[in-house]
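Given next are the chains, with one letter for each unit.
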Amino acid sequence: MTTTPETGALMTLGKVTKQYAATVALHEVDLSFTEGITGLLGENGAGKSTTIKILLGLIPPTSGSVRVLGEDVTRNPLVRSRLGYMPEHDCLPFEAPAAEFLCHMAEVSGLPATRARMRAADTLRHVGLFESRHRPMGTYSTGMKQRVKLAQALVHDPDIVLLDEPAAGLDPAGRDDMLDLVRKTYREFGITVVFSSHLMSDVERTCDRITVLQGGRVARSGEVAEYTAETRTLFVEVDGNRERFVSALKARGVAVGVGKGGVAVQGSDEDLFDLVRDALVEAEAPLRRMAPRRRELAELFTGVGEDGAEPGRGGR
Amino acid sequence: MSDATTAKAGGDPKAGGVVFDIRYQRYGGPREGRRRARLAVYKDGFRKVLGLGRGARAKLLPWACILLMVGISTVLASMAGFGQRTLGDVGAEMVPGTSHYFLYSFSITILFVFAALMAPRLLCPDRRNGTLHLYLVRPLTASDYVQARWAAFLTVMVSVAWLPQFVLLAGRVLGHPEPLAYLDANWTDIPKFLLAGAAVAAMVTAVSMLASGLATRRGYASVLLIALFVVPNAVTAPFALNPQLQWVSMFSLGDVLGETNKLIFNGTEQAAEAGAQVEPAFRGPDDMDSVPTQFSPRLLLAAYLGWLIAPGAILWMYYRRLTP
C-alpha cells in the first residue's frame, strides 16, 4: 500500500473546499485516513458524501489537494482499481444474477476474466450470498442487496473501501450483520474501511477512529476510545425500590442522576462502592447491574458533560 | 492461514472428507487497468443488446428482429435462385427486389426499429439504477464507458445489417448455375453492401445512443427514436418534390439513410445518365432496382456526417462532465 511518507496516511485532504454555486459543502477540510476503520459521522448535509466523492475522484475539489494512495485520483484513474465504493443509494441491476454482476464489476476493475469469476464466487461466499448467487438481484431482500453492494466494493480486493451509510434501511438484525461484515472487512480481510453514517451507535460499535463533520467542517477527529472512555460516574440498575435507593444515596450525600435505564452515581473512589452497597441494603433494592459509565458518542453533539448525570437532577 | 475440519462418515476414518476454510485471500494477480475495463464494458454491452445470458423475454425482441431480416433475405435469395435456375438471367431479371440495394432500402426501417428498442438497454438502466456510479469509481472514465457502449452497439448493428446481405449473397451465388461466374460478374456488390451496411449502422447507432443517453427510461428513448424516424420523414416529404428545396430532406433521418444507400449502390443521376450513354448493355439483375440518388453527393455527405458526428459529440460531452 502506498502511504504519505511523513504521516503514514493512505488518503489525505489538504485544505479542501468544495463549493456548489452558493453552497459550501466542505470548507478548508484537513483530514487524513490511516489503516483501520474510520467513521465519518455527521448529520445529513454535513459533507460526508462530498468527502467520499472527492476521495474517489468523482468530483474535483474547488480548492485544496487530495492524495489517495500517494496519487492524485483525478489525474490518475488507475488508482481507483485499489479503491472500493459502496454507495448509499440503489445501484444494482435487478435483472442480473449477483455472480454475473460481480464478475463483470471485477473485470471493470481490471481483473482478467477467469480471475474475476473466482473472485466473484469467493467474495459472495464471504458476504454470505454464495447459495443465492445465481438468482436475479431483483428477487433479493434489502439485506441481501446491501451485501451485494458491499461485495461489489470488495470483489477486486481493494486496499481501501469507502462505505456510504452501509446499514441504511436495514432492520436491527440486518444492521448487526452488516456491521459485523464491516468489522470483518478490516479485521479479517485487511482492507482499510472509511465508513460514513449519521448513526453514532453504528460508528461506536464498528470504528477505530472517528471524524465528525458539521456544516462542512471537521468538528472533531480522533480515536473512538478517546470519546468513549470511562467517566467518573457509576451506573447502577436495580430491579425495584428505585426511589428508596435514590433517597438512601442522597441521604449519604452522594450526587445522583436518574435516567430511564438506571441511576448515575457520581464519583469513582473506593468509598463510593461502600456507600452504594449500604444504600442498596437499606432500600432493599435488588441489584441488577453496576458498572463504570462510558461516554457515548452522542454526547459529542448533545454536549452532555462528563458526569453523565442529566442536568438539574441532583449533585454532590 | 487455513483451518481444516475432518468429517468422518460411519466411523470410518478413511471415508472422512476434509473441508478447508481458506479464509479471505488477498488478490495478487494482474490488474489490467483501463484496457480491461473498456473491454468488459464493451462485452457486457454486446451481451445486453442481444439478451445473451438472460431469459427468453430479453432475447425475444432482438432475435425476432434479426430472424425477420434473415427470413426476408432468405425468401429473396430463394426467389432469385429459383428464377435463375428455371429461366436463367432473364428469369432472375423478372424477379424484382432481390438485389442487395433493395434489401437495404426496406431493412433500414427494421434496423431502425431494432436500434430504437435495443440501444436504450445499454445506457438507460445504468443511469436509472445508479449502476453508472459503480462504473465511474473504477479505473474507467465516463468517456471510456460511453465509447465502449457505443462500440458494442455499433458492432451489433453492423452485424445485424450485414447478416441478411450475406444470406442473400449466398442464395444468389448458389442459385446461379455457375456460382463463380456470378461472383466474377457481381463481386462489386460485396464492398457496396459492406459499406452501405456500415454507413447505416454507424448513423443509426449515433442517433439511438444519443437518445438513450439522454432518457432515463427505455420506453421514452424508444418512443423518441421512433418519432425521430417517422415525423421528419412526413414533414419533409413535400419538399422532396421541389428540386430547390430538396436540402430540407436532409433533416429527415430516413431520407438521409435511403439516399446514402442509393449513392453507394447506384451513384448519382448524372453519373447514371453518363453511364447509360457509354454502356447501355445489361449490367446484371440489379438493374430493375437501380435508382440513383437525386441529391448532390456533397450535400448528402455533409448531411450524413452531421447526423453521425453531432449526436456522437453531444453524447460524449454529456457523459464527459460526469467525471473530472
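Residues numbered from 1 in each chain as written. Chains lettered and ligands numbered in written order. Predicted model: local features only at pLDDT ≥ 70, side-chain atom pairs only at ≥ 80, totals over all residues. Heavy atoms only, no water.

Re the nonpolar core
As a rule of thumb, nonpolar side chains are buried together in soluble globular proteins.
Item 1. Judged by nonpolar contacts, the single largest core of 146 residues is most densely connected at Met-11, Val-68 and Val-148 of chain A together with Phe-114, Tyr-145 and Phe-153 of chain B.
Item 2. Sort the elements by how many residues they give to this core and helix α8 (residues 189-214) of chain B lands first, with 13 residues.
Item 3. Excluding anything up to four places from it in sequence, Met-11 of chain A contacts Leu-31, Ser-32, Phe-33, Leu-55, Arg-67, Val-68, Ile-160, Leu-162 and Val-194 of chain A.
Item 4. Counting residues in hydrophobic clusters, the runner-up holds 17 residues, among them Leu-234, Ala-248, Leu-272 and Leu-280 of chain A. (Core = buried A, V, L, I, M, F, W, Y, C linked by side-chain atoms within 4.5 Å. Buried < 20%, exposed > 50% of the residue type's maximum accessible area, 1.4 Å probe, protein only. Helix = DSSP H or I, 4+ residues; strand = E, 2+ residues; numbered from the N terminus. Contact = heavy atoms within 4.5 Å.)

Notes on a nonpolar patch on the surface
Residue and element names in this part refer to chain B.
Item 1. Taken together, the side chains of Val-113, Ile-226, Val-230, Val-231, Val-235 and Phe-239 present a nonpolar region at the surface, about 450 Å² in accessible area.
Item 2. Ranked by residue count, the leading element in the nonpolar patch is helix α9 (residues 218-236), at four residues.
Item 3. By secondary structure assignment, the location of Val-235 is in helix α9. (Patch = residues over 30% accessible without salt bridge, like charges linked within 9 Å, V, L, I, M, F, W, Y side chains within 5 Å. Areas by Shrake-Rupley, 256 points an atom, 1.4 Å probe, with all protein chains shown as cover. Salt bridge = Lys/Arg side-chain N within 4 Å of Asp/Glu carboxyl O.)

Some details on the layout of surface pockets
Taking a probe equal in size to a water molecule and rolling it over the atoms shows the remaining empty space.
Residue and element names in this part refer to chain B.
Item 1. Roughly 660 Å³ of volume is contained in the largest pocket.
Item 2. For the lining of the largest pocket, the elements supplying multiple residues, two or more each, are α2 (56-94), α3 (100-118), α4 (120-129) and α9.
Item 3. Residues belonging to the lining of the largest pocket are distributed by class as follows: nine nonpolar, five polar and eight charged. (1 Å grid on protein atoms, 1.4 Å probe; cavity = no way out; pocket = protein on both sides within 12 Å on 5 of 7 lines; lining within 4 Å. Points joined across faces, edges and corners; volume = space filled by probe spheres on them. Nonpolar A, V, L, I, M, F, W, Y, C, P; charged D, E, K, R; others polar.)

A look at the sheet that holds strand β4 (residues 63-68) of chain A
Residue and element names in this part refer to chain A.
Item 1. Spatially, the three strands line up as an open sheet ordered β2-β1-β4, and their pairing is antiparallel. Since the sheet does not close on itself, it has two edges, and those belong to β2 (23-33) and β4, each with one partner. Taken pair by pair, the neighbouring strands of this sheet meet at an average axis angle of 20°, ignoring direction.
Item 2. Contacts from helix α1 (residues 48-56) reach β1 (11-20), β2 and β4, with the element oriented near 115° to β1. (Pairing = 2+ DSSP bridges. Axes fitted to C-alpha atoms, helices over the stretch in contact; angles between N-to-C directions.)

Observations concerning the confidence of the model for chain B
Residues and elements named next belong to chain B.
Item 1. Summary statistics for chain B give a mean pLDDT of 83 and a share of 82% for residues scoring 70 or more.
Item 2. For chain B, per-element mean pLDDT is lowest for strand β1 (residues 3-9), which scores 46, and highest for helix α1 (residues 33-50), which scores 95.
Item 3. In the model, residues 1-10 has pLDDT below 50 throughout and makes 21 contacts with residues more than four positions away in sequence or in other chains.
Item 4. For the stretch residues 276-288, pLDDT sits under 50, and the model shows 13 contacts to residues farther than four places along the chain or on other chains. (pLDDT = per-residue confidence, 0-100.)

Describing the interface of chain B and chain A
Item 1. With 38 residues of chain B at the interface, the matching set in chain A holds 48 residues.
Item 2. Considering only the side of chain B, the residues that lose the most area to chain A are Tyr-24, Arg-31 and Arg-138 of chain B, jointly responsible for 22% of the buried surface there.
Item 3. At the junction of chain B and chain A, the tally comes to five salt bridges.
Item 4. A salt bridge links Arg-54 of chain B to Glu-100 of chain A; the nearest nitrogen and oxygen atoms lie 3.0 Å apart.
Item 5. Summed over the shared surface of chain B and chain A, the number is 23 residue pairs in polar contact (both at pLDDT 80 or more).
Item 6. Among the secondary structure elements, those contributing two or more residues to the side of chain B that touches chain A are α1 and α5 (131-136) of chain B.
Item 7. The element best represented in the side of chain B that touches chain A is α1 of chain B, accounting for ten residues.
Item 8. Split into classes, the residues belonging to the side of chain B that touches chain A amount to 15 nonpolar, ten polar and 13 charged. (Buried area = accessible area lost by both parts, 1.4 Å probe. Polar contact = N/O pair within 3.5 Å; in protein donor to acceptor, adjacent residues only side chain to side chain.)

With respect to the pairing of strand β12 (residues 263-266) of chain A
For a regular strand, the rule is simple: side chains alternate between the two faces of the sheet.
Item 1. Covered by surrounding structure in β12 of chain A are Val-263 and Val-265 of chain A together with Ala-264 and Gln-266 of chain A, the residues of both alternating faces.
Item 2. In this antiparallel pair of consecutive strands, strand β11 (residues 256-258) of chain A and β12 of chain A, the connection spans four residues.

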